[in-house]
Amino acid sequence: MGIFLLILIGMSLGYTCLAVANTLLMATAERAADFRVLRLSGATRRQVLRIAAAEAVLAVGLGTALGLAVAVTTLLGVRSGLSAQLGTRVELALPWGTMALTVGVCLLLAVLAGVLPARAALRRPGGRPLSG
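Reading guide: rules and limits
Residues numbered from 1 in each chain as written. Predicted model: local features only at pLDDT ≥ 70, side-chain atom pairs only at ≥ 80, totals over all residues. Heavy atoms only, no water. Helix = DSSP H or I, 4+ residues; strand = E, 2+ residues; numbered from the N terminus. Rg over C-alpha atoms; globule rule 2.2 N^0.38 Å. Buried < 20%, exposed > 50% of the residue type's maximum accessible area, 1.4 Å probe, protein only. Contact = heavy atoms within 4.5 Å. Patch = residues over 30% accessible without salt bridge, like charges linked within 9 Å, V, L, I, M, F, W, Y side chains within 5 Å. Areas by Shrake-Rupley, 256 points an atom, 1.4 Å probe, with all protein chains shown as cover. Salt bridge = Lys/Arg side-chain N within 4 Å of Asp/Glu carboxyl O. pLDDT = per-residue confidence, 0-100. Core = buried A, V, L, I, M, F, W, Y, C linked by side-chain atoms within 4.5 Å. Expected span 1.5 Å × (residues − 1). Polar contact = N/O pair within 3.5 Å; in protein donor to acceptor, adjacent residues only side chain to side chain. Axes fitted to C-alpha atoms, helices over the stretch in contact; angles between N-to-C directions. Left-handed = near helix turned anticlockwise from the far one by under 90°. Nonpolar A, V, L, I, M, F, W, Y, C, P; charged D, E, K, R; others polar.

This part is about the overall build of the protein. Tallying secondary structure elements over the protein gives 4 helices and 0 strands in all. In the protein, the order of α-helices and β-strands from amino to carboxyl end is α-α-α-α. Here the C-alpha radius of gyration of the protein, 20 Å, is well above what a compact globule of 132 residues would show, namely 14 Å. Principal-axis analysis of the C-alpha atoms places the extent of the protein at approximately 70 × 30 × 20 Å. When each of the 132 residues of the protein is scored for burial, the buried share is 20%.

Our focus in this paragraph is the side chain of Thr28. With respect to the secondary-structure elements, Thr28 resides in helix 1 (residues 3-29). Ignoring sequence-local partners within four residues, the contact set of Thr28 consists of Phe35, Ala113, Gly114, Pro117 and Ala118.

Attention now moves to a nonpolar patch on the surface. Together, Ile3, Phe4, Leu5, Leu6, Ile7, Leu8, Met11, Tyr15 and Leu18 give the surface a local cluster of nonpolar side chains, amounting to about 1000 Å² of exposed area. You can see Leu6 is positioned in helix 1.

Once their charged atoms are close, side chains differing in charge can pair, the charge on each being opposite to the other. Summed over all chains, the structure comprises 3 salt bridges. The partner of Glu91 in a salt bridge is Arg89, with the nearest N and O atoms 3.1 Å apart. Look at Glu91 and you get exposed, because its relative accessible area is 58%. Overlapping salt bridges bring together Arg31, Asp34 and Glu55 as one network.

Our focus in this paragraph is the confidence of the model for the protein. Scored by pLDDT, the protein comes out at a mean of 86, with 92% of its residues at no less than 70. Mean pLDDT values over the elements of the protein span from 85, in helix 1, up to 93, in helix 3 (residues 45-86).

Across soluble globular proteins, nonpolar side chains have a tendency to be buried as a group. If you look at the biggest cluster of nonpolar residues, it comprises 11 residues: Ala32, Phe35, Ala43, Val48, Leu49, Ala52, Ala53, Val115, Ala118, Ala121 and Leu122. Contributions of two or more residues to this core are made by helix 2 (32-40), helix 3 and helix 4 (96-123). With near-sequence residues (within four places) excluded, Ala118 lies in contact with Thr28, Phe35, Leu49 and Ala52. Grouped together as the second largest cluster of nonpolar side chains are 6 residues, Leu24, Ala56, Val60 and Ala110 included.

This part covers helix 4. The first and last C-alpha atoms of helix 4 sit 40 Å apart over 28 residues, in line with the 40 Å expected at 1.5 Å per residue. Cys106, Ala110, Ala113, Gly114, Val115, Pro117, Ala118, Ala121 and Leu122 are the residues of helix 4 that are buried. Summarising the contacts, the buried residues of helix 4 are in contact with helix 1, helix 2 and helix 3.

Checked against the element boundaries, Arg39 lands in helix 2. Overall, the relative accessible area of 34% leaves Arg39 in the partly exposed class. C-alpha separation for the pair Arg39 and Arg50, spaced 11 residues apart in sequence, amounts to 13 Å. Polar contacts involving the side chain of Arg39 include one to the main-chain carbonyl oxygen of Ala43, which spans 2.9 Å.

Here the focus is the packing of helix 2 against helix 4. Contact geometry for helix 2 and helix 4: axes closest at 10 Å, N-to-C directions at 65°. Here the hand of the crossing between helix 2 and helix 4 comes out right-handed. In this structure, helix 2 uses Ala32, Phe35 and Arg39 to contact helix 4, whose residues at the interface are Ala118, Ala121 and Leu122. Residues of the contact of helix 2 with helix 4, tallied by class, amount to 5 nonpolar, no polar and 1 charged.

Below is the structure:
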């Protein structure tokens with residue numbers, strides 16, 4: 001793998017992780033009232049944390065599916081254009097291992113960024129949001 005590709009993947013992964021963690025931390029911190037309603041309706045703390053984790057997994061899954069759809073659509077267009085210009089068949093090569101690693105890191109970070117603020121909100125009396 002070329003050094004340029006490694007740097008590009010590293011920067012993309014870094015910014016993706018930052019965006020995922022920031023979005024889920026802010027969203028989860030503001031949902032203390034929702035967690036309180038779940039607790040009042042009979043859910044245990046563990047069930048509320050599982051819901052927060054499931055929402056994080058769903059967010060990463062949808063993001064992955066949409067990102068893959070956009071990337072594959074774009075790459076198919078590029079492949080078609082290159083095939084026409086070169087007059088030969090161009091193969092589509094996707095780095096499945098790198099993509100799986102990226103999704104795995106984002107998934108781990110998303111679950112942590114969703115569950116940790118939820119756990120903190122459940123511990124505070126009244127379940128007030130972190131911002132006050």
